[in-house]
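The lines below spell out each chain.
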Amino acid sequence: MKVPFLDYRVVNEPHFAAYQDAIRRVLESGWYILGKEVEAFEAEYAAYVGTPYCVGVANGLDALILILEGYKAMGLMRDGDEVIVPSNTYIASILAVSRAGLTPVPVEPDLSTYELDPARIEEAVTPRTRAILPVHLYGQCADMSGIVPIARKYGLKVIEDGAQSHGAAHGGVKSGALGDAAAHSFYPGKNLGAVGGDAGAVTTGDAELAGAIRALRNYGSDYKYHNLYKGYNSRLDEIQAAMLRVKLSHLDEENGRRREAAADYLAGIHNSAVVLPVVGKANEHVWHIFAVRVRRRDAFQAYLSENGIGTVIHYPIPPHRQPAYAEWRDRRYPISEKIHAEVISLPMGPALTRMEREAVIAAVNAWQE
Ligand SMILES: *Cc1c(COP(=O)(O)O)cnc(C)c1O
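Each value, and the rule that gives it
Residues numbered from 1 in each chain as written. Predicted model: local features only at pLDDT ≥ 70, side-chain atom pairs only at ≥ 80, totals over all residues. Heavy atoms only, no water. UniProt positions renumbered as here; feature names shortened; annotations may be inferred. Buried < 20%, exposed > 50% of the residue type's maximum accessible area, 1.4 Å probe, protein only. Helix = DSSP H or I, 4+ residues; strand = E, 2+ residues; numbered from the N terminus. Pairing = 2+ DSSP bridges. Near = heavy atom within 4 Å. Polar contact = N/O pair within 3.5 Å; in protein donor to acceptor, adjacent residues only side chain to side chain. Nonpolar A, V, L, I, M, F, W, Y, C, P; charged D, E, K, R; others polar. Axes fitted to C-alpha atoms, helices over the stretch in contact; angles between N-to-C directions. Contact = heavy atoms within 4.5 Å.

Per an unreviewed UniProt entry, the recorded name for the chain is DegT/DnrJ/EryC1/StrS family aminotransferase, and the organism is Victivallis lenta. Of the comments in the UniProt record for the chain, the one headed Sequence similarities (unreviewed entry) reads "Belongs to the DegT/DnrJ/EryC1 family."

Next comes the structure, spelled out in structure tokens:
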């Protein structure tokens, strides 16, 4: 039996007819940029997350950049100011800080949850620190109960990277409503994924920031041919917005199926060589990724592949070891390095069948280190 890591076609197939209706609606409207679909998606996603504002943008990286540029436009951050980021994350969280002209300051994660460790944040705060950027990695929230009070103590903004956590919650509050602003990616592989293109959004309760980002995504223009800022072209496509509205209406149900699959894995996998994921306190996990840790990771991946099971490594090279961050080459982030060396993601998604899960569990249990 073959179990693919994630098959986008299988995930989207149940929605094909609804997507076709959505695309037809856009075609027939004759309005192809920043129209009714973007407006409706923004309202629906803001209501879902529980924030007053949502601004659709072109992708998740831009969502992060535009939040930081928005704060710069408001005079709250300046070139060279520092933003605390996790040392283990997808590189985009860190690239955004660099792209916005700010300085990313990596802080190590908690080895059990892989999320930014609040106990290590204060030692990284300097007079130039302006924000903490926790990433809700793999589908569960960072320890926001620990992070937000530290931010308040030092007057820092909290910017959530919610690219992997659509529908997750911490203490009953949804990802995207836990800080001052949040970036969301709708890359097709995410839990709330666009189809045939990129998409992203910012959610916030800050009216001034939402207004600045609305302008920044559209050449910095607040009204037609009037430019407040040196802005970007980073708009959410009308067609992607129309299809995301379909996808959003099924998000809770699809996250529920991911939860069932994760529950099966957690109950079924018994192998002392395989470290299972831990759900952090007060967290509702949406299992974007089911990552386990194995000492002989590459041999484990080859073994699963021989057994027809697809896996992906999220992520093989830590940010401070990337050529793009050559200036960090001599730094040591031992927890992040250990995670990057041992982590491997098992098949996960809303379309994983019972038989597929059983095949994964049997193969993982039969692995001998
Ligand atoms: C996917 C992802 C991003 C970037 O989103 P894009 O839409 O691909 O630009 C940022 N941060 C994290 C943690 C991600 O997983």
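Having seen the model, we can carry on.
Time to look at the pairing of strand β8 (residues 181-185). Within β8, five of the five residues are buried, which leaves the element mostly enclosed by the surrounding structure. Neither face of β8 is open: one carries A181, A183 and S185, the other A182 and H184, and all of them are buried. In the sheet, β8 pairs with strand β9 (residues 200-204) via five bridges, with the strands oriented antiparallel. Each residue of the ladder has a partner; that of H184, found in β9, is A201.

Taken together, the neighbourhood of the ligand is formed by N59, G60, L61, Y90, A92, S93, V135, D161, A163, Q164, S185 and K190. Residue G60 places a main-chain N or O atom 2.7 Å away from an oxygen atom belonging to the ligand. Note that an oxygen atom of the ligand is positioned 2.7 Å from one of the side-chain N or O atoms of K190. For the shell around the ligand, the elements supplying multiple residues, two or more each, are α4 (60-73) and α5 (92-99). Taken together, the residues that form the shell around the ligand break down as five nonpolar, five polar and two charged.

What follows covers the sheet that holds β8. An order of β1-β9-β8-β5-β4-β2-β3 is seen for the seven strands of this open sheet, with the pairing classed as mixed. The two strands at the open ends of the sheet, each matched to only one other strand, are β1 (53-57) and β3 (103-107). Strand-to-strand twist of the sheet, defined as the mean angle between neighbouring strand axes without regard to direction, takes the value 25 degrees. With three bridges connecting them, strand β5 (residues 157-161) and β8 associate as parallel partners. Residue pairing for β8: E160 is matched across the bridge by A182. Strand contacts of helix α6 (residues 144-154): β4 (129-132) and β5, with the helix running at about 145 degrees to β5, the strand carrying the most contacts.

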